[in-house]
Amino acid sequence: MNTALIRKRLVIGNWKMHGTQVSNAMLLTGLCAGMAVVHDCDMAVCAPFPYLGQVAAALHGTGISWGAQDVSKHEQGAYTGEVAPAMLVDFGCKWVLVGHSERRALHGETDGLVAEKASAALKAGLAPVVCVGETQAQQQAGQTHEVIARQLAPVLALGAESVAKMVLAYEPVWAIGTGLTATPQQAQDVHAFIRAQLTELGVPQVRVLYGGSVKASNALSLFAMSDIDGALVGGASLVPEEFLRIAAA
Ligand code: 13P
């Protein structure tokens, strides 16, 4: 079976901590107005928590799905400031990013916690988008595969049935927001490494997105790689024409 044929492309915009109700409305209107140029590609946006209601209202019934950028590992309770998986479901979220490098680096999220969050998300019916990626120092030390394997291990340990419902995203930390992009071949090399682990687990069909300074101008060459199934887009997802051109690529 050639799983590349059954892995539908997926392009997710990660708005990070950007936006206002006014700017979001313009962005969402632009996406809805222009989405006819996109074929055979699932599109989604991951918005800050306070705007999920706005995003849900704007995107309901459009074919563009939405999600959040983080989630608690707890179901409910005395966890001030946390957001439960079921709350995201309540706002119609399909996706939630877990283990983004900014959360690992700035909020001390460990590989184990990332797996716990992914598991909690799955239990509530969300599809976790699990992010992995090495730093520049790790890349230069030739540790990329080792780091990715370590980050993935507790997630893959959740088992094939769970992992089958996830999406993975490879985001080299050195390429995020820096304008540096992994070359298509560099990215493909890591994606193939991740694919091999998924295949070993029996879930080769799981989509693996690339993230890190993806733009309309480099999307096509990245998507030409056999193990790159789409993109997790930061900065360029805040500009509707740019995001749509990436999804159209
Ligand atoms: P940029 O596309 O802005 O580099 O961000 C990538 C990213 O972190 C998406 O999650």
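Preceding block: the structure.
So, how was this worked out
- Residues numbered from 1 in each chain as written.
- Predicted model: local features only at pLDDT ≥ 70, side-chain atom pairs only at ≥ 80, totals over all residues.
- Heavy atoms only, no water.
- 1 Å grid on protein atoms, 1.4 Å probe; cavity = no way out; pocket = protein on both sides within 12 Å on 5 of 7 lines; lining within 4 Å.
- Points joined across faces, edges and corners; volume = space filled by probe spheres on them.
- Helix = DSSP H or I, 4+ residues; strand = E, 2+ residues; numbered from the N terminus.
- Nonpolar A, V, L, I, M, F, W, Y, C, P; charged D, E, K, R; others polar.
- Salt bridge = Lys/Arg side-chain N within 4 Å of Asp/Glu carboxyl O.
- Buried < 20%, exposed > 50% of the residue type's maximum accessible area, 1.4 Å probe, protein only.
- Near = heavy atom within 4 Å.
- Polar contact = N/O pair within 3.5 Å; in protein donor to acceptor, adjacent residues only side chain to side chain.
- Areas by Shrake-Rupley, 256 points an atom, 1.4 Å probe, with all protein chains shown as cover.
- Sits in = over half its atoms within 2 Å of the grid points.
- Pairing = 2+ DSSP bridges.
- Axes fitted to C-alpha atoms, helices over the stretch in contact; angles between N-to-C directions.
- Contact = heavy atoms within 4.5 Å.

Peer 1: Tell me about the layout of surface pockets, residues and numbers included.
Peer 2: One number sums up the size of the largest pocket: a volume of about 370 Å³. Lining the largest pocket are 15 residues, with Lys16, Met17, Gln69, Arg103 and His107 positioned closest to its centre. The greatest single-element share of the lining of the largest pocket, amounting to three residues, is contributed by helix α5 (residues 101-106). By residue class, the composition of the lining of the largest pocket is seven nonpolar, four polar and four charged. Taken together, 16 residues line the second largest pocket, and the ones lying closest to its centre are Gly177, Gly212, Ser213, Gly234 and Gly235. When grouped by side-chain class, the residues that make up the lining of the second largest pocket number six nonpolar, seven polar and three charged.

Peer 1: Before we move on, can you summarise the pattern of salt bridges with the specific residues and values?
Peer 2: Using the criterion set out here, one finds 14 salt bridges in the structure. Across the salt bridge formed by Lys16 and Glu102, the nearest N and O atoms sit 2.8 Å from each other. Note that Lys16 is positioned in the loop between β1 (9-14) and α2 (21-34) and Glu102 in helix α5, a separation of 86 residues in sequence. Put simply, Glu109 and Lys117 hold a salt bridge, and the shortest N to O gap is 2.7 Å. Overall, Glu109 belongs to the buried group, its relative accessible area being 7%. Given a relative accessible area of 5%, Lys117 falls into the buried group. Shared partners join several salt bridges into a network, and the residues in it are Arg7, Arg195, Asp227 and Asp229.

Peer 1: Before we move on, could you go through the site of the ligand and cite the residues and values that matter?
Peer 2: Every residue lining the ligand is accounted for by Asn14, Lys16, His100, Glu171, Ala175, Ile176, Gly177, Gly212, Ser213, Leu232, Gly234 and Gly235. A distance of 2.7 Å is found between an oxygen atom of the ligand and a backbone nitrogen or oxygen belonging to Ser213. The contact in question runs from an oxygen atom of the ligand to an N or O atom on the backbone of Gly235, over 2.8 Å. If the ligand stood free it would expose 310 Å²; the protein chains cover 95% of that surface. A molecule is said to occupy a pocket when more than half its atoms come within 2 Å of that pocket's grid points, and by this definition the ligand occupies the second largest pocket. Each residue belonging to the shell around the ligand can be placed in one class, and the counts come to three nonpolar, seven polar and two charged.

Peer 1: An account of the sheet that holds strand β3 (residues 64-68) is needed here, citing residue identities and associated values.
Peer 2: Overall, parallel pairing links the eight strands, which are arranged β1-β2-β3-β4-β5-β6-β7-β8 in a closed barrel. With strand direction ignored, the average angle separating the axes of adjacent strands in the sheet is 25°. With four bridges connecting them, strand β2 (residues 41-46) and β3 associate as parallel partners. Considered in β3, the bridge of Met43 is made with Ile64. Helix α10 (residues 184-201) rests against β5 (127-132), β6 (167-170) and β7 (208-211) of the sheet, and its axis sits at about 155° to β7.

Peer 1: Please provide a residue-by-residue account of unusual backbone geometry, values included.
Peer 2: Despite not being glycine, Asp40 has its phi angle at roughly 55°, a positive value. Examined against the element boundaries, Asp40 turns out to sit in the loop between α2 and β2. We note that Ser213 has phi near 55°; this positive angle belongs to a residue other than glycine. Turning to its location among the elements, Ser213 is positioned in the loop between β7 and α11 (216-223).

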